[in-house]
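Take a look at the letters that make up each chain.
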Amino acid sequence: MTQYKNLIAGEWVAGTTEVKNINPSDTDDVIGTASYASVKQVADAIAAARAALPKWNVGTTQLRSDALSAISNELFSRREELGELLAREEGKTRAEAIGEVGRAANIFRFFSGEVLRMRGETLASVRPGIDVTITRDPVGVIGVITPWNFPIAIPAWKIAPALAFGNAVVFKPSELTPGSAWALADIISRSGVPAGVFNLVHGTGALVGDAILSGVDAITFTGSIKTGRQIVQRATERMIHVQAEMGGKNPLIVLDDADFDIAVNCAVDGSFFQTGQRCTASSRLIVTEGIHDRFVHAVAERLGKIMTDHALKAGTQVGPVVDQRQLDQDLRYIDIGVSEGAKVLVKGELLKRPTPGHFLSPTLFTESTNQMQINREEIFGPVAAVIRAKNYEEALHIANDTPFGLSAGICTTSQKHARHFQQHSEAGLTMLNLATAGLDYHVPFGGRKASSYGPREQGTYALEFYTIVKTSYLSV
Ligand code: NAD
């Protein structure tokens, strides 16, 4: 059994408490133990990061590019092994997990190139004999706090740009996925990144997360809206840079003129794959009258054939729910939907499998309204609700009538409606004839309203959060 230690100032150190990493497909399988850091160790990690900054932030372009490239290469070459670890601790299927490791590798490769593309501007001053240059400095020590549902890709899309642009990092992964974080930290520690530039601390949000917030220069967070709100408040009190990516209640509109098979595929994939545990999952299926009955029955038929089982078993399409707390939340929302009067077309059942795991089959509600709690709050499980709409205009109104604004999709063959939707959707990501989940790694990612706070992540847009603009006047 592996002990996942903390990486502080280039040394692997044990913390104060050991916490078991349990496989959600088989709760008898203890994968390892996470060694939770103390508040003092978090302060040490922040101090080590600050002390290491001068070794990393100026004149190290080649070193930074090479290190990120080395991290990418190792992730690629070990994607099967790391994918298996990820599937074992998080519960997504082997194929989904290997794909996620590949995504992390691609992100590091992308940013190894971005290091070399850092540029500034020179402008003539309005005063004679003076040049003005505009350059970007690193922000300093970045706190990285991440959720469990993409335990290697989300850390990658925060850590890669942080390092690329010359920052130091203190990284706290989710309590539920310490193994993938530890494996990534191990790779980074051997990549040529100087000791102290990258630090890993395990622990709870309340203790370790909070201690990170007290000392870093910027915080990048992905997780629930409840935690995100607390983090944004703390960060703004300290007047440090903050970026928070949070939940969604993503709509998929299906119009009468949609390609039927594409629409069914988008709904099944977007709502239920990865156990519905994606911030971009479609949880509200808004369907117009003419296609409604045929569509819901086709989706229900597909759900009846989905194989929910151990994440590493061949043939599994949907893995387990991540833990008992999330399972309780899913079951509670299913009860709420029933009590609110939504019709249960497909009822999620707790499944018995050869291994004891948190197996829940998909739930599909129909005849729901957008005002129901199941359509207002993020459930984060294999549960979706269908809402009838009279026409495109009503469907768009329902899609936008939500506190969230992460991803929104439409299935239609009408160019007019597709274009109108792209222009009038109040989401950060829009999808035409595609599932609301499933994104490229080299373009900006983020939402609107309660789903996101601060600058966009990923692609060239990551520069905005991880650097500070400097305007220099030179009298020559
Ligand atoms: P969570 O908010 O419970 O935890 C996220 C991280 O924050 C964890 O590392 C946790 O330990 C830490 N944390 C908790 N309380 C803290 C505190 N007071 N101070 C500092 N850190 C604290 O979220 P989760 O259950 O791990 O993840 C699921 C959520 O993440 C869902 O809401 C999902 O929509 C969201 N998510 C969003 C995106 C996105 O990019 N928009 C992507 C993936 C997941």
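Residues numbered from 1 in each chain as written. Predicted model: local features only at pLDDT ≥ 70, side-chain atom pairs only at ≥ 80, totals over all residues. Heavy atoms only, no water.

A closer look at helix H5 (residues 153-164)
If you check H5, its first and last C-alpha atoms are 16 Å apart, about what 12 residues at 1.5 Å a residue would give, namely 16 Å. Along H5, the positions that sit buried rather than exposed are Ala153, Ile154, Pro155, Ala156, Trp157, Lys158, Ile159, Ala160, Pro161, Ala162, Leu163 and Ala164. (Helix = DSSP H or I, 4+ residues; strand = E, 2+ residues; numbered from the N terminus. Expected span 1.5 Å × (residues − 1). Buried < 20%, exposed > 50% of the residue type's maximum accessible area, 1.4 Å probe, protein only.)

Quick look at the sheet that holds strand S15 (residues 343-346)
Pairing is mixed in the open sheet, where 7 strands are placed in the order S15-S16-S17-S14-S13-S18-S19. Where the open sheet ends on each side, the last strands, each with one partner, are S15 and strand S19 (429-432). Adjacent strand axes in the sheet meet at a mean angle of 25° when their direction is disregarded. Pairing geometry for strand S16 (residues 363-368) and strand S17 (residues 383-389), over 4 bridges, is parallel. Each residue of the ladder has a partner; that of Ser368, found in S17, is Ile387. Relative to the sheet, helix H9 (residues 260-272) contacts strand S13 (250-254), strand S14 (282-288), S16, S17 and strand S18 (407-411), its axis offset from that of S14 by approximately 155°. Packing of helix H11 (residues 324-340) onto the sheet brings it into contact with S15, S16 and S17, and relative to S16 it is tilted by some 25°. (Pairing = 2+ DSSP bridges. Axes fitted to C-alpha atoms, helices over the stretch in contact; angles between N-to-C directions. Contact = heavy atoms within 4.5 Å.)

Regarding the sheet that holds strand S6 (residues 121-124)
Taken in spatial order, the 3 strands make up an open sheet running S6-S7-S21, and their pairing is antiparallel. Each having just a single partner strand, S6 and strand S21 (467-475) make up the two edges of the open sheet. Taken pair by pair, the neighbouring strands of this sheet meet at an average axis angle of 25°, ignoring direction. Inspection of the sheet shows S6 paired to strand S7 (residues 130-138) by 4 bridges, in the antiparallel sense. The residue bridging Thr122 from the neighbouring strand is Thr133, located in S7.

Remarks on the side chain of Ser180
One can find Ser180 in helix H6 (residues 178-189). Looking at Ser180, its side chain comes within polar contact range of the side chain of Glu89, at 2.6 Å. Residues contacting Ser180, with those up to four places away along its chain left out, are Leu85, Leu86, Glu89, Pro151 and Ile152. (Polar contact = N/O pair within 3.5 Å; in protein donor to acceptor, adjacent residues only side chain to side chain.)

Some thoughts on the side chain of Gln277
Relative to the elements of secondary structure, Gln277 occurs in the loop between H9 and S14. Residue Gln277 is classed as buried on the basis of its relative accessible area, which comes to 1%. A distance of 3.1 Å separates the side chain of Gln277 from the backbone nitrogen of Val322, its partner in a polar contact. Once residues within four sequence positions are removed from consideration, Gln277 is found in contact with Glu90, Trp148, Asn149, Pro320, Val321, Val322, Gln326 and Phe380.

What about the state of the cysteines?
Here the structure, examined in full by the defined rule, presents 0 disulfides. A disulfide-free cysteine, Cys411 has its sulfur positioned 4.0 Å from the sulfur of Cys266, the nearest such atom. Classification of Cys411 as buried rests on a relative accessible area of 0%. (Disulfide = S-S within 2.5 Å.)

Describing the pairing of strand S11 (residues 218-222)
When you tally the buried positions in S11, you get 5 out of 5 residues, the bulk of the element. With burial as the criterion, each face of S11 is covered, one bearing Ala218, Thr220 and Thr222 and the other bearing Ile219 and Phe221. Taken together, the 5 bridges between S11 and strand S12 (residues 241-245) define a ladder with parallel strand orientation. Bridge assignment links Ile219 to a residue of S12, and that residue is Val242.

So, the packing of helix H2 (residues 61-77) against H6
It is the contact of H2 with H6, at a shortest axis distance of 9 Å, that shows an interaxial angle of 135°. Considering their axes alone, H2 and H6 lie oblique with respect to each other. Viewed along their axes, H2 and H6 form a crossing whose handedness is right-handed. In contact with Ile71, Glu74 and Leu75 of H2, H6 contributes Leu184, Ile187 and Ile188. When grouped by side-chain class, the residues that make up the contact of H2 with H6 number 5 nonpolar, no polar and 1 charged. (Parallel < 35°, antiparallel > 145°, perpendicular 65-115°, else oblique. Left-handed = near helix turned anticlockwise from the far one by under 90°. Nonpolar A, V, L, I, M, F, W, Y, C, P; charged D, E, K, R; others polar.)

A word on the domain arrangement of the chain
For the chain, the domain assignment lists domain 1 (2-246 + 451-475) and domain 2 (251-432). Taking the mean C-alpha position of each, domain 1 and domain 2 sit 31 Å from one another. Taken together, the contacts link 24 residues of domain 1 with 27 residues of domain 2. Carbon and sulfur atoms supply 58% of the area that domain 1 and domain 2 bury against each other, a total of about 2100 Å² over both sides. On the domain 1 side of the interface with domain 2, the three residues burying the most area are Ser25, Trp148 and Ser451, jointly 26% of the side's total. Our count for the contact surface shared by domain 1 and domain 2 stands at 10 residue pairs in polar contact (both at pLDDT 80 or more). Of all the elements, helix H3 (residues 79-90) adds the most residues to the side of domain 1 that touches domain 2, at 4 residues. (Domains from an automatic or database assignment. Buried area = accessible area lost by both parts, 1.4 Å probe.)

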